[in-house]
Amino acid sequence: MSPDFLIMKPFNTLFLISFALFIIILIAVSLIMRKRSEKAKRILVAVVCILTFIGFFVYKYFLSIDREFDEITQKMGGFNWWGELPLHLCNINLILIPIAVLTMKKPLLSFCFYVAPLGALMALLMPANGFSGYSILLPRMIGFYGIHFIIVIMGLSIVTLGLYRPRFRDLPYTLLTIFLIALVVFGINMLFRTTGIHPKANYFYSVETEGNFLLEIFHKWIPVPFLYLLPSFLILAPYMVVITFGFWIADRIKQRKAKR
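Before going into details, it helps to say that this report is about the structure given with it.

What counts and how
- Residues numbered from 1 in each chain as written.
- Predicted model: local features only at pLDDT ≥ 70, side-chain atom pairs only at ≥ 80, totals over all residues.
- Heavy atoms only, no water.
- Helix = DSSP H or I, 4+ residues; strand = E, 2+ residues; numbered from the N terminus.
- Rg over C-alpha atoms; globule rule 2.2 N^0.38 Å.
- Buried < 20%, exposed > 50% of the residue type's maximum accessible area, 1.4 Å probe, protein only.
- Contact = heavy atoms within 4.5 Å.
- Areas by Shrake-Rupley, 256 points an atom, 1.4 Å probe, with all protein chains shown as cover.
- Lys, Arg positive; Asp, Glu negative; His and termini not counted.
- Charge placed at Lys NZ, Arg CZ, Asp CG, Glu CD.
- Phe/Tyr/Trp six-rings, centres within 6.5 Å; stacked < 30°, edge-to-face > 60°.
- Lys NZ or Arg CZ within 6 Å of the ring centre and 35° of its normal.
- Patch = residues over 30% accessible without salt bridge, like charges linked within 9 Å, V, L, I, M, F, W, Y side chains within 5 Å.
- Salt bridge = Lys/Arg side-chain N within 4 Å of Asp/Glu carboxyl O.
- Core = buried A, V, L, I, M, F, W, Y, C linked by side-chain atoms within 4.5 Å.
- Polar contact = N/O pair within 3.5 Å; in protein donor to acceptor, adjacent residues only side chain to side chain.
- Expected span 1.5 Å × (residues − 1).
- Bend = angle between axes of the 7 residues up to and from the residue.
- Disulfide = S-S within 2.5 Å.
- Axes fitted to C-alpha atoms, helices over the stretch in contact; angles between N-to-C directions.
- Parallel < 35°, antiparallel > 145°, perpendicular 65-115°, else oblique.
- Left-handed = near helix turned anticlockwise from the far one by under 90°.
- Nonpolar A, V, L, I, M, F, W, Y, C, P; charged D, E, K, R; others polar.

1. Brief notes about the overall build of the protein chain
Here is step 1 of the chain: Assigned secondary structure in the protein chain consists of nine helices and two strands.
Here is step 2 of the chain: Along the protein chain, helices (α) and strands (β) appear in the sequence β-α-α-α-α-α-β-α-α-α-α when read from the amino end.
Here is step 3 of the chain: Since a compact globule built from 260 residues should have a radius of gyration of about 18 Å, the 19 Å found for the protein chain is in line with a globular shape.
Here is step 4 of the chain: Counting only C-alpha atoms and orienting by the principal axes, one finds that the protein chain spans roughly 65 × 40 × 30 Å.
Here is step 5 of the chain: For the protein chain, with 260 residues in total, the buried portion stands at 43%.
Here is step 6 of the chain: A sequence separation of at least 24 residues applies to 68% of the contacts in the protein chain between residues at least 6 apart.
Here is step 7 of the chain: Carbon and sulfur atoms provide 70% of the accessible area of the protein chain, an area that totals close to 14000 Å².
Here is step 8 of the chain: Charge centroids of the protein chain, computed over 25 positive and 12 negative side chains, lie 20 Å from each other.

2. Side note on the packing of aromatic side chains
Here is step 1 of the chain: Here the structure, examined in full by the defined rule, presents 24 aromatic pairs.
Here is step 2 of the chain: A ring pair is formed by Phe79 and Trp81, whose centres lie 5.1 Å apart and whose planes are at 90 degrees; its orientation type is edge-to-face.
Here is step 3 of the chain: Within the aromatic cluster, the residues linked to one another by ring pairs are Phe11, Phe15, Phe19, Phe22, Phe69, Phe131, Phe144, Tyr145 and Phe149.
Here is step 4 of the chain: Here the basic side chain of Arg140 rests over the ring of Tyr134, its NZ or CZ set 4.5 Å away from the ring centre.

3. Regarding a nonpolar patch on the surface
Here is step 1 of the chain: A cluster of nonpolar side chains, contributed by Ile43, Val47, Ile50, Leu51, Ile54, Phe57, Val58, Tyr61, Phe62, Ile65 and Trp81, occupies part of the molecular surface with about 1000 Å² of accessible area.
Here is step 2 of the chain: Along the polypeptide, Phe57 turns up in helix H2 (residues 38-64).

4. Looking at the nonpolar core
Here is step 1 of the chain: Of all hydrophobic cores here, the largest spans 73 residues; its most connected members are Ile97 and Tyr145.
Here is step 2 of the chain: Mapped by element, the contributors of at least two residues to this core are helix H1 (13-32), H2, helix H4 (89-103), helix H5 (106-125), helix H6 (139-160), helix H7 (171-195), helix H8 (213-221) and helix H9 (233-259).
Here is step 3 of the chain: The contacts of Tyr145, once residues within four sequence positions are left out, are Met8, Lys9, Pro10, Phe15, Leu124, Pro127, Phe131, Ser132 and Ile136.

5. So, the side chain of Lys60
Here is step 1 of the chain: Positionally, Lys60 belongs in helix H2.
Here is step 2 of the chain: Within polar-contact distance, the side chain of Lys60 engages the side chain of Glu84 at 2.5 Å.
Here is step 3 of the chain: Sequence-distant contacts of Lys60, that is, excluding residues within four places in its chain, are made with Phe79, Trp81 and Glu84.

6. What about H5?
Here is step 1 of the chain: Helix length check: H5 (20 residues) gives 29 Å between terminal C-alpha atoms against 28 Å at 1.5 Å per residue, within 8%.
Here is step 2 of the chain: At Val115, H5 shows its largest kink, close to 30 degrees, and the proline Pro117 lies no more than four residues downstream.
Here is step 3 of the chain: H5 sits mainly inside the fold: 14 of its 20 residues count as buried.

7. What to know about the state of the cysteines
Here is step 1 of the chain: Counted according to the given criterion, the structure contains zero disulfides.
Here is step 2 of the chain: This cysteine, Cys49, is not joined by any disulfide, and Cys112 carries the nearest cysteine sulfur, 8.1 Å off.
Here is step 3 of the chain: Owing to a relative accessible area of 0%, Cys112 belongs among the buried residues under this scheme.

8. Digging into H7
Here is step 1 of the chain: For H7, which comprises 25 residues, the first-to-last C-alpha distance of 36 Å matches the rise-based estimate of 36 Å (1.5 Å per residue) to within 8%.
Here is step 2 of the chain: For H7, the full list of buried residues reads Leu171, Thr174, Ile178, Ile181, Ala182, Val185, Phe186, Asn189 and Phe192.
Here is step 3 of the chain: On its buried face, H7 sits against H4, H5 and H9.
Here is step 4 of the chain: The positive-phi residue at the C-terminal boundary of H7 is Gly196, with phi of around 85 degrees.

9. Overview of the packing of H5 against H9
Geometrically, a packed helix pair is captured by the angle between its two axes and the distance between the axes.
Here is step 1 of the chain: Two elements in contact, H5 and H9, have axes whose closest approach is 11 Å; the angle formed by their N-to-C orientations is 120 degrees. Judged on the interaxial angle alone, H9 and H5 are oblique. Read as a crossing pair, H5 and H9 show a hand that is right-handed. Between H5, through Phe113, Tyr114 and Leu118, and H9, the contact on the second element is made entirely by Leu236, Tyr239, Met240, Ile243, Thr244 and Phe247.
Here is step 2 of the chain: Its residues assigned to classes, the contact of H5 with H9 comprises eight nonpolar, one polar and no charged.

Listed below in structure tokens is the structure:
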């Protein structure tokens with residue numbers, strides 16, 4: 001039995017301290033890199049994401065030999081490598097963020113800034129079975145929380161390092177990109193299920209809610225696979241507008257001061 005102070009679950013002391021430490025790291029790195037070249041900033045973000053992506057597979061290996069996790073997830077078929085590919089929203093961002101910062105394509109930068117922190121934060125606040133209420137010293141807990149905390153700060157770093165500035169005109173493209181990616185991933189789920197490659201494939205949680213209380217609510221509204229994800233846009237769109245509005249206000253204030 002692990003001591004209480006080592007138990008990790010949303011909003012407990014260990015969770016809040018860990019989150020605070022990662023935010024402090026983000027602020028510190030942003031200040032240190034403030035006067036460095038854009039190229040150096042882009043390389044830094046890309047390297048951290050690439051190393052985290054490598055760590056993702058190390059984490060999945062430990063998950064594959066975790067008997068307790070296999071028992072916990074028996075309802076979803078237990079551990080299956082076909083169900084642990086980097087096709088969840090957070091993992092996709094680990095792939096897209098390096099591409100975004102190295103190519104400096106605004107649609108990609110926009111997608112990663114808006115979606116990566118929110119998606120990873122949602123996973124942290126509503127962890128899947130087996131990732132809440134256990135010791136942080138377990139490999140699966142270190143992997144899950146470490147990777148998701150890093151994804152949060154990497155998504156935010158795109159702005160804090162000055163690589164992207166949120167704009168209202170980017171929002172429609174970002175929402176469309178999210179929808180299309182979710183649709184493609186749903187198609188992969190259906191392919192894996194119908195061919196028997198992985199009968200319980202559930203990337204993006206677009207087929208089954210797996211106990212996620214928010215998705216459970218959406219599923220009651222629209223009890224149809226994939227379609228029950230659509231109400232999430234009622235959260236995503238206002239979130240994006242509010243964030244962008246904050247930057248718009250800041251830019252207007254800065255412009256007024258520059259004119260004085």
